[in-house]
Amino acid sequence: DDDTLLEPILPRQGVVALVGSSDSGKSSLLRGLAMAIVAGRSEYIGFPLHPRYKRAMYISTEDDEASLSRLMRMQIIDQEWEQYEGLHFIFDTDNLLETIELGMQSHTPDVVIIDAFADLYTGPMNENNRVRSFLNTFSQLAIKHNTLIIFLHHTGKRTESLAPSKHNAIGSQGFEAKMRLMMELRPDPTRHDIRHLCVVKGNYLPSEYKHDSFELRFTPQLNFEATGERVPFALLRERNEERDERVELARAMREEGKTLKEIADALGYKSISSVHALLKE
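Residues numbered from 1 in each chain as written. Predicted model: local features only at pLDDT ≥ 70, side-chain atom pairs only at ≥ 80, totals over all residues. Heavy atoms only, no water.

Caption draft 1: Fine view of the overall build of the protein. A count of helical and extended segments in the protein gives nine helices and 13 strands. Over its C-alpha trace the protein gives a radius of gyration of 20 Å, about what one expects of a compact globule, namely 19 Å for 281 residues. A principal-axis box enclosing the C-alpha atoms of the protein has dimensions of 65 × 45 × 35 Å. Taking all 281 residues of the protein together, the buried fraction comes to 50%. Look at the contacts in the protein between residues 6 or more apart in sequence, and 63% of them connect residues 24 or more apart. (Helix = DSSP H or I, 4+ residues; strand = E, 2+ residues; numbered from the N terminus. Rg over C-alpha atoms; globule rule 2.2 N^0.38 Å. Buried < 20%, exposed > 50% of the residue type's maximum accessible area, 1.4 Å probe, protein only. Contact = heavy atoms within 4.5 Å.)

Printed below as a string of structure tokens:
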């Protein structure tokens, strides 16, 4: 596909963001993406993958070389180390734009992953113009080299009690406004090994991609596997008494022989997938 890197979610070019809490596995998900790209794989987390150059840059501000080496060894299952030679890590973030530009002159990467935004941008988060100006330099770089730049960023405290949203990211509206796409990675409220990839902004995507999560299993080896299930955003908040009551009511109606459609109508849900997710709880 000429327009997408990870079809249909990730575009071939531009600036996008993955946000989430510190325990969600954001870095592992993006490392896995970079590794799949340089290995030339045809899919990642259940989506078709279209690498052109089989090269990736990963800028790490939170892990050093030894730490990342250990983490990658956990994620590499096939032990064929040579296929990951196209993955280039950068740890020195002084003059970062020049470093990225220099690397791109010799080898164009399919993706540049910046982990994490808050460590590079040191200005006030609530100043929209400064945030947008900072991100604009990276946007121009992505356009110039026809590549994708992914910023990893954090969500605010206590956003777990809210549904996934582009407004959950720390900082200003300027950050969200500059992104072609925003995704939130959200731990499941009850299952410790499940994560939910939520597309919370993507103007070029049909609405069907932006209301239900893509459910992923987070393995002990720090890899992600698609389960094939999708869960409405409204059901991904931390458990509360109101939702517990809905779960019990849905189960009672199901035991009475009600159809999923009848339960959805009674509880005010638009689709039976919401009821299916309730009953799974």
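Caption draft 2: Focus on helix H5 (residues 128-145). Between the first and last C-alpha of H5 there are 26 Å, a value that for 18 residues agrees with the 26 Å anticipated at 1.5 Å per step. Of all the bends in H5, the largest measures some 25° and sits at Asn136. Restricting attention to buried positions, one finds in H5 the residues Val131, Leu135, Phe138, Ser139, Leu141, Ala142 and His145. Buried-residue contacts for H5 involve strand S3 (14-20), helix H3 (96-106), strand S8 (111-115), helix H4 (117-120), strand S9 (148-154) and helix H6 (173-178). Positive phi appears at Asn146, one or two residues downstream of H5, with a value of about 50°. (Expected span 1.5 Å × (residues − 1). Bend = angle between axes of the 7 residues up to and from the residue.)

Caption draft 3: Broad picture of the pattern of salt bridges. Taken as a whole and judged by the stated rule, the model has 10 salt bridges. One salt bridge connects Arg130 with Glu127, and the closest N-O pair in it is separated by 3.9 Å. Take Arg130: its relative accessible area is 45%, and that puts it in the partly exposed class. Among the residues examined, Glu127 registers a relative accessible area of 35% and is labelled partly exposed. (Salt bridge = Lys/Arg side-chain N within 4 Å of Asp/Glu carboxyl O.)

Caption draft 4: Representation of the pairing of S8. Within S8, five of the five residues are buried, which leaves the element mostly enclosed by the surrounding structure. The alternating pattern of S8 places Val111, Ile113 and Asp115 on one face and Val112 and Ile114 on the opposite face, and all of these are buried. As paired strands, strand S6 (residues 56-60) and S8 are joined by five bridges and run parallel to one another. Bridging across to S8, Met57 finds its partner in Val112. Inspection of the sheet shows S8 paired to S9 by five bridges, in the parallel sense. Counted as the bridge partner of Asp115 is Leu152 from S9. (Pairing = 2+ DSSP bridges.)

Caption draft 5: Broad picture of the packing of aromatic side chains. Within the structure shown, the criterion is met by 12 aromatic pairs. Aromatic side chains Phe117 and Phe175 sit 4.8 Å apart centroid to centroid with 55° between the ring planes, which places their arrangement in the tilted category. Placement of Phe117 in helix H4 and of Phe175 in helix H6 is noted, with a sequence separation of 58 residues between them. Taking 4.4 Å as the distance between ring centres and 10° as the angle between the ring planes, the aromatic pair formed by Phe218 and Phe224 counts as stacked. Accessibility classification places Phe218 together with Phe224 in one group, the buried group. (Phe/Tyr/Trp six-rings, centres within 6.5 Å; stacked < 30°, edge-to-face > 60°.)

Caption draft 6: Main features of the packing of helix H1 (residues 26-38) against helix H2 (residues 65-75). Following both chains from N to C, one finds H1 and H2 inclined at 70°, their axes separated by 11 Å at the closest point. As the angle between them shows, H1 and H2 are arranged roughly perpendicular. Handedness of the crossing formed by H1 with H2: right-handed. Residue-level contacts link Ser28, Arg31, Gly32 and Met35 of H1 to Leu68, Leu71, Met72 and Gln75 of H2. For the contact of H1 with H2, a count of residues per class yields four nonpolar, three polar and one charged. (Axes fitted to C-alpha atoms, helices over the stretch in contact; angles between N-to-C directions. Parallel < 35°, antiparallel > 145°, perpendicular 65-115°, else oblique. Left-handed = near helix turned anticlockwise from the far one by under 90°. Nonpolar A, V, L, I, M, F, W, Y, C, P; charged D, E, K, R; others polar.)

Caption draft 7: The arrangement of the environment of Ser274 in detail. One can find Ser274 in helix H9 (residues 272-280). In this structure the C-alpha to C-alpha distance between Ser274 and Met57, which are 217 residues apart in sequence, comes to 38 Å. Once residues within four sequence positions are removed from consideration, Ser274 is found in contact with Pro232, Leu235 and Tyr269.

Caption draft 8: Main features of the nonpolar core. Grouped together as the largest cluster of nonpolar side chains are 46 residues, with contacts concentrated most on Leu10, Leu29, Ile45, Leu87, Ile150 and Leu197. The biggest single contributor to this core is H1, with eight residues. Among residues more than four places away in sequence, those in contact with Ile150 are Leu10, Val16, Leu18, Leu30, Leu33, Val111, Val112, Ile113 and Ile114. Of all hydrophobic cores here, the second largest spans 41 residues; its members include Ile114, Leu141, Phe175 and Met253. (Core = buried A, V, L, I, M, F, W, Y, C linked by side-chain atoms within 4.5 Å.)

Caption draft 9: Representation of unusual backbone geometry in the model. In the segment running from Glu7 into Pro8, the intervening peptide bond is cis, with an omega of 0°. Structurally, Pro8 can be placed in the loop between strand S1 (4-6) and strand S2 (10-11). Of note, the amide linkage connecting Asp115 to Ala116 takes the cis form, showing an omega dihedral of 20°. Tracing the sequence through the fold places Ala116 in the loop between S8 and H4. The phi dihedral of Ile45 falls on the positive side, at around 45°, and the residue is not glycine. On the secondary structure map, Ile45 appears in the loop between strand S4 (43-44) and strand S5 (47-48). The backbone of Lys54 shows a phi angle near 55°, a positive value even though the residue is not glycine. Accessibility expressed as a relative area gives 45% for Lys54, which makes it partly exposed.

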